[in-house]
Amino acid sequence: MEKESKIYVAGHRGLVGSAILHNLQEEGYNNIVIRTHRELDLCNQQEVRAFFEKERPEYVFLAAAKVGGILANSTYPADFIYNNLAIQIYAIHNAYLYGVKKLLFLGSSCIYPKFAPQPMKEEYLLTGILEPTNEPYAIAKISGIKMCQAYNRQYGTNFISVMPTNLYGPGDNFDLETSHVLSALIRKFHEAKLSGQPVTVWGTGTPRREFLYVNDLAEACVFLMNCYDGEDIINIGTGLDISIKELAGFISEVIGYRGEIIFDTGKPDGMQRKLLDVTRINSLGWKAKTDLREGIEKTYKWYLSTQK
Ligand code: GFB
C-alpha cells in the first residue's frame, strides 16, 4: 500500500476495524474510506455494489462481522450465519468486480476442528468436526476463506485470509450476555468490587484460551497487507494460552477484587483448548508485543473511562 492508496476499512466502528483504522492513520495512510452502518448496509447487495462502483477502493480490510461470545453464538445462530455470509458474499464479489488490488479477510480461530491438535496449525482447517456452540459462525468464516481462495484461483485476485485468536482491548463489547470472556470478567470483577457480591464465572474454569490485544492484531493485518501475498491462511496470535480460572485470577488482581469466585458449571465451556500455532506469521517477521497483564490494564482503564 502507498500512503495515498485508497483503502476501505469495512467495520471501522467495531473492535477490530477501529484498531485497524487507527493503525493506518498513525502510519500516515491518508486516503481511507469508511462508512457507518447507517450509510452503508453491508448485508444489502445493491448498496454494496453502488458503494464499490462509486468509491473503487484499491485495498479492503474486511473487518465487518457479526461477532459475540459463547452465549451469543449459541443463542443467535441464525444471525451469526446470515449476517456473516451476507457481508462476505457482497464485499468479496464486488471487490472482484470493481478491481480491488488486495483484500484482507478476517476469519477466526473457531474455524479449526473441536478436537484439533494444539497448537493449531493452518493446515488443520477442515480436518474434523467443529465446536457446536459456534458452528454456524465458523461455517460462515470458512466460507469466506474458501471464497477468497476460489476468486484468486478463477479470477487471479489477491484476497488473503487471516485467523485471529480471541481478541480484547479498548472498544470491546462489555455486555454480559453477548461479550467474550475477558471483557465480561473485567466488568464482573469491577462491579463486584463495588457491590461486595461474589463473581460468577461461566463453566468449569478449565478451558484454555489465547488472548491477543487488538492493537497487535491491527498491526499484524497492516503488516500482512503490505508483505504477504499467498493462498494459505495465516494465524495471528501470541502462541500462549491460559485457563479461564487463571484469567479470572489475573483480572481480579488488576482490579483489586478479593472476594469469592463461583464457577457456574451450568454454562458451556466450549472448546477445551484453543491455541494457535503462530510459526508462519512469526517467520514472516511479525510477533505480538503486548503482554496479557499490560493489555488487561489498558482495557480496564478504557472501561473505567466509559463509566464516568
Ligand atoms: O470468550 P468466550 O465467550 O469465547 O468464552 P469462546 C471463553 C470461555 O470463557 C468459555 C468462559 O469457556 C466460557 O464459558 N467464560 C467464563 C465466559 N465466564 C464467562 C463470561 O462471563 N462470559 C463469557 N463470554 N465467557 C467464542 C466463539 O468462543 O470465541 C466465537 O463463540 C468466536 O465463535 C470467539 O470465535 C473468538 O472462545 O468459547
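Every value quoted in this text rests on a predicted model; they were computed, and no experiment measured them. (Residues numbered from 1 in each chain as written. Predicted model: local features only at pLDDT ≥ 70, side-chain atom pairs only at ≥ 80, totals over all residues. Heavy atoms only, no water.)

Attention now moves to the sheet that holds strand β13 (residues 273-274). Reading across the sheet, the three strands line up as β11-β8-β13 and stay open at both edges, with mixed pairing between neighbours. Edge positions in the sheet fall to β11 (242-243) and β13, since each has one partner strand and no second. In this sheet, β11 lies alongside strand β8 (residues 208-209) in antiparallel orientation, the contact comprising two bridges. Bridge pairing links R208 to S243 in β11. (Pairing = 2+ DSSP bridges. Helix = DSSP H or I, 4+ residues; strand = E, 2+ residues; numbered from the N terminus.)

Okay, helix α7 (residues 214-227) next. Because the α-helix completes a turn every 3.6 residues, residues three or four places apart line up on one side. Between its first and last C-alpha atoms α7 spans 20 Å; for 14 residues at 1.5 Å apiece the expected length is 20 Å, and the two agree. When α7 is considered as a whole, its buried residues turn out to be V214, D216, L217, A218, A220, C221, V222, L224 and M225. (Expected span 1.5 Å × (residues − 1). Buried < 20%, exposed > 50% of the residue type's maximum accessible area, 1.4 Å probe, protein only.)

Overall, parallel pairing links the six strands, which are arranged β2-β1-β3-β4-β5-β10 in an open sheet. What marks the edges here is a single partner per strand, and that holds for β2 (32-33) and β10 (234-236). Across the face of the sheet, helix α1 (residues 15-26) comes into contact with β1 (7-10), β2, β3 (59-62) and β4 (102-106) while running at roughly 155° to β1. (Contact = heavy atoms within 4.5 Å. Axes fitted to C-alpha atoms, helices over the stretch in contact; angles between N-to-C directions.)

So, on to the packing of aromatic side chains. Enumeration over the complete set of coordinates arrives at eleven aromatic pairs. Each ring, one from Y8 and one from F51, has its centre 4.5 Å from the other, and the planes form 50°; the classification is tilted. Pair noted here: Y8 is in strand β1 and F51 is in helix α2 (residues 45-55), with a separation of 43 residues, a long-range link. In this structure Y8 comes out as buried when scored by relative accessible area, which is 2%. Among the residues examined, F51 registers a relative accessible area of 5% and is labelled buried. (Phe/Tyr/Trp six-rings, centres within 6.5 Å; stacked < 30°, edge-to-face > 60°.)

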